[in-house]
Structures are given as C-alpha cells and as structure tokens.
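# Fold and geometry: a report
Residue strings, one per chain:
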Amino acid sequence: MNKNIFTAQCSGYADDALPGLIESYFESESERLKRAKLILIKPNLLSAAAPEKAVTTNPDFIKTVINILKSYTDAELWMGDSPGANFGKYERVLEVTGIQKTADETGVKIVRVESFKPITKDGFTYSSLADEPDIILNLAKLKTHSLTGLTLAVKNLFGLIPGTSKVGYHRDFPVDEELADRLYKFFALLDSKTMNIIDGIVGMEGDGPSKGTPVKLGITAASSDAVGLDITVTRMIGLKDDFCLTTKAALSAGYDPSHIETPKADIPVIKLPMTKKMYLPPFLKALFAKQVYVKPLVLNEPCIKCMLCVNSCPVDAITLVDGYPFVNNKKCIECFCCHEVCESDAVGLERSWLHKLLVSK
Ligand code: SF4
Ligand code: SF4
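Residues numbered from 1 in each chain as written. Chains lettered and ligands numbered in written order. Predicted model: local features only at pLDDT ≥ 70, side-chain atom pairs only at ≥ 80, totals over all residues.

## Observations concerning the overall build of the chain
- Each helix and strand in the chain was counted, giving 14 helices and 14 strands.
- At 20 Å, the chain has a C-alpha radius of gyration in line with the 21 Å of a compact globule built from 361 residues.
- Overall, the chain is about 55 × 40 × 40 Å in size when its C-alpha atoms are taken along their principal axes.
- With 361 residues in all, the chain has 48% of them scored as buried.
- Residue pairs at least 24 apart in sequence account for 75% of intrachain contacts in the chain once pairs closer than 6 positions are excluded. (Helix = DSSP H or I, 4+ residues; strand = E, 2+ residues; numbered from the N terminus. Rg over C-alpha atoms; globule rule 2.2 N^0.38 Å. Buried ≥ 20, exposed ≤ 12 C-beta atoms within 10 Å, placed from the backbone. Contact = placed C-beta atoms within 7 Å.)

Quick look at the structure:
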C-alpha cells in the first residue's frame, strides 16, 4: 500500500493549496488511476443540509477533485452515497447539498446505494455498488461524532451499507466501541480499492455529525492509507490518535502508527461532542455508568411529525404520545440516530444531573 500522507492548509475552497494537494496525491497514484475503468466517488451525503452547514462534503471541494481526476484517468465516473435516514428522498439530498449541480457540471453519473442489490460477504451486508468500481474515491468530511468521536475516512464508507441495514448495525452493536470495531472491519473489507481525501476546510465541531457547528479549520488531507490519514487529521486538531473510535479499533487490530509524522499546523481547538467530553477510568465507569448519560429529548415545538426519528430508532425506543415522538429512556441505547436524522432540530440532548455536575458544557 502507498502510505504517503499529504496535508495542506487552505484558507477556503478557492485556495490554490487545494488543487496543489490533490495533484500531488493523484500523481503518487497515477498508475492506479490510469488503469481504472470505473471510479466511484463517495462523498458524505448524510442529509439534506446546505453546504455551509458542513454536514456533507462541500460541492466546490468535490468539483475541484473531479476536474483534476479527469486529467489522470479515462475511467467512467460515478458518484453516490446513502444518506442517514433520508434515503427515500435522495433527489432532495442531492439538490440541497449542491451535489446534483456538481455532477451536472462535471458530467459525473449519480448512482444510489439502494439501487444495487445488497450482498453479504464476511458477515457484512452491503450494497453491491461497492464491488463495481476499480477505485472508491472516498471524499470524507471532518466532523465530530456523538458516537464515534470523529467521522473521518474510515467511517465514511458506512454509507455503502443500504439505508435500512444501517439501523440494524446500531441495534446489533449498541456499545459505541463495538460498533466502531464493525465499521473499521467493514472498511478493511474494501480498503484495498480506496483512495481517500478529507474535506476539513470547513469542518464541524460540537454535537456532530449533523447538529454541530461549522468551524473553519482549513485542513485538507489525502492518502491511500485511510487509518494513517485519520490519525494525521486527528493529531492536526490536537486530539489523541484513539479519540476517533474507528481508529481505536484499527490500532487494536494491529495498525502501527509509528511512521506517521504529525504536520505542523495552526488549527483552532475544536469543541467536542457532549457525549465524549468526559473520560472516566473503567472502575468509575462501571460505578457511575447508569447515572452519567446523555439522552435524546424530543422538543414538540419545532417537531413537524415527519417520523424520521421513529423510523430510524434501532430498538423502537420512540413511541408517539399525543402525536409527538417520545423517547423511552429505559429502552434507549444512546446511538443518537434520532438526533442525527431530525432535520427540524427537534431532537435535543439532555444530560443527567451527574453528567451536568461532572462535565462542563
Ligand atoms: S423529532 Fe424530528 S425527526 Fe422526529 S418526528 Fe419530529 S421533526 Fe421528525
Ligand atoms: S431513542 Fe434515539 S438515541 Fe435512543 S436508541 Fe432510539 S435512535 Fe438511538
């Protein structure tokens, strides 16, 4: 595997440093790109959010990548993802995120994960779309994540699992580290065909991956070693290698980070998700686990009763009370899918009294 890791700091999406970085990366993989017959571009299209919200990979970033890509390959180019819960309204997601416009302007064919039949391999059920291309060009967004700490290159391939099956992963692996381990193993299945670029020019801090705050970080980075890439970006924002749980899973599986050099970078410290702010030693965790928690809370006023949260809950912890969704805290496994999918900001996060006492906001 080509383990080179390329990083750059960009003042914005029009900064020349961005095409410079992409050129350097593609040059290092020029033979692979030349041989490819079909390349799948896999952005983060989590939900129907405008580009400035930093929920999805920026369309100008994607356009720059595609325009340079075309000078390195004659391969057919496809682009697609499976949004978190809004996979029924894929066209709307493509429109609002600016991805349809980018595809039209660059002549790239839009595909949808759910249009390809699911296949099962090594215990994973995923869209056969993933098996079609010679290269998966993984265009991840740098965001905080309430469950896995961060979402970077490794986590971004979760979108190749069809919409309804994603919910099942949360149900079957309710502990965050177990789910992150599955996500890493799924990535490892496809790793050899990935090339990875992270859009952290405007990233997300706070309660990501969909309800955090956009933050200008100026980071862009690329590598065919996705775990090394994730570690590099994690270090650039001043966090420990294993803060991102998918990286923690890779390290536990034997990934050796000793070759990774941390680039000098002038990056602001980001706000962490409320769920990841506190570290408790295991013995205290066991003692306080039931008292220190963050749970979702539906706010009736902004709720438009779309039922996305109800349909995305993997353990049926949300029922209707007076026509509004209501979370049964006893059943809730704190996966935050409901918080992630609500497009009306009607699912807030409520902290237990001990969480409030121990963790500053
Ligand atoms: S809380 Fe959000 S996702 Fe759930 S029904 Fe209301 S608007 Fe829809
Ligand atoms: S209520 Fe929300 S956080 Fe709790 S299990 Fe259901 S989707 Fe996950």
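## Re the site of ligand 2
- Around ligand 2, 14 residues are found, and the nearest of them are Cys 313, Cys 332, Cys 335, Cys 337 and Cys 338.
- Here the shell around ligand 2 is built from residues that sort into twelve nonpolar, one polar and one charged. (Near = placed C-beta within 6 Å. Nonpolar A, V, L, I, M, F, W, Y, C, P; charged D, E, K, R; others polar.)

## Some words on the nonpolar core
- Judged by nonpolar contacts, the single largest core of 100 residues is most densely connected at Ile 41, Leu 152, Val 154, Ile 198 and Val 233.
- If we ignore the near neighbours within four places in the chain, the residues touching Val 233 are Leu 142, Leu 152, Ile 198, Gly 200, Ile 219 and Ala 221. (Core = buried A, V, L, I, M, F, W, Y, C linked by C-beta atoms within 7 Å.)

## Observations concerning the environment of Thr 7
- Tracing the backbone shows Thr 7 in strand E1 (residues 5-9).
- What makes Thr 7 buried here is the crowd of 22 C-beta atoms within 10 Å.
- Placed 255 residues apart in sequence, Thr 7 and Thr 262 show a C-alpha to C-alpha distance of 9.9 Å.
- Discounting residues that sit within four places of it in the chain, Thr 7 has contacts with Ala 221, Thr 232, Met 236 and Pro 263.

## A short note on the domain arrangement of the chain
- Once the domains are mapped, the chain shows domain 1 (5-273) and domain 2 (278-358).
- Placing the centre of domain 1 and that of domain 2 at their C-alpha centroids yields a distance of 26 Å.
- Taken together, the contact pairs 15 residues of domain 1 with 15 residues of domain 2.
- When its residues are assigned to classes, the side of domain 1 that touches domain 2 shows six nonpolar, six polar and three charged. (Domains from an automatic or database assignment.)

## Remarks on helix H9 (residues 226-236)
- Of all eleven residues making up H9, ten are buried, and the element is well covered by its neighbours.
- Listed as buried for H9 are Ala 226, Val 227, Gly 228, Leu 229, Asp 230, Ile 231, Thr 232, Val 233, Thr 234 and Met 236.
- Following H9 by one or two positions, Gly 238 has its phi on the positive side, about 80 degrees.

## Comments concerning the packing of helix H3 (residues 59-69) against helix H5 (residues 99-106)
- Here H3 crosses H5 at 20 degrees, and the two axes come no closer than 9 Å. Between H3 and H5, the angle falls in the class roughly parallel. The element H3 and its partner H5 pack so that their crossing is right-handed. Mapping the contact onto sequence places Pro 59, Ile 62, Lys 63, Ile 66 and Asn 67 in H3 and Ile 99, Lys 101, Thr 102, Glu 105 and Thr 106 in H5.
- Along the lines of polarity and charge, the residues of the contact of H3 with H5 split into four nonpolar, three polar and three charged. (Axes fitted to C-alpha atoms, helices over the stretch in contact; angles between N-to-C directions. Parallel < 35°, antiparallel > 145°, perpendicular 65-115°, else oblique. Left-handed = near helix turned anticlockwise from the far one by under 90°.)

## A few points about the pairing of strand E7 (residues 135-145)
- Across the eleven residues of E7, eleven count as buried, placing the element largely inside the fold.
- Two elements, strand E2 (residues 38-43) and E7, share five bridges in a ladder whose sense is parallel. If you follow Leu 40 over to E7, its bridge partner there is Ile 136.
- Pairing analysis gives seven bridges linking E7 to strand E9 (residues 194-205), with the strands arranged parallel. Bridge pairing links Leu 139 to Ile 197 in E9.
- Alignment of E7 against strand E8 (residues 149-151), held across three bridges, turns out to be antiparallel. By the bridge assignment, His 145 is partnered in E8 with Gly 149.
- Here E7 folds back onto E8 in antiparallel fashion, the turn holding three residues. (Pairing = 2+ DSSP bridges.)

## Description of the environment of Leu 142
- Along the chain, the position of Leu 142 falls in strand E7.
- Classification of Leu 142 by C-beta neighbours within 10 Å gives buried; the count is 31.
- For the pair Leu 142 and Val 202, spaced 60 residues apart in sequence, the C-alpha to C-alpha distance is 8.0 Å.
- Setting aside residues up to four positions removed in sequence, Leu 142 forms contacts with Leu 152, Ile 198, Asp 199, Gly 200, Gly 203, Leu 217, Ile 219 and Val 233.

## Quick notes on the pairing of strand E6 (residues 124-127)
- Both strand E5 (residues 118-121) and E6 contribute to a ladder of four bridges, which runs antiparallel. Pairing of Thr 120 across the sheet is with Thr 125, part of E6.
- The antiparallel hairpin formed by E5 and E6 contains two residues in its connecting segment, where Asp 122 sits at a positive phi of about 50 degrees.

## Details of H3
- Those residues of H3 that sit buried are Phe 61, Ile 62, Thr 64, Val 65, Ile 66 and Leu 69.
- Summarising the contacts, the buried residues of H3 are in contact with helix H1 (17-28), E2, strand E3 (76-79), H5, E7 and E9.

## Let's talk about unusual backbone geometry
- Cis geometry is found at the peptide bond from Gly 208 to Pro 209, where omega equals 15 degrees.
- By the element assignment, Pro 209 lies in the loop between E9 and strand E10 (213-223).
- Phi is positive for Lys 305, close to 55 degrees, though the residue is something other than glycine.
- With respect to the helices and strands, Lys 305 occurs in the loop between strand E11 (294-298) and helix H12 (308-312).
- Phi is positive for Asp 316, close to 50 degrees, though the residue is something other than glycine.
- Take Asp 316: it is sitting in the loop between H12 and strand E12 (318-321).

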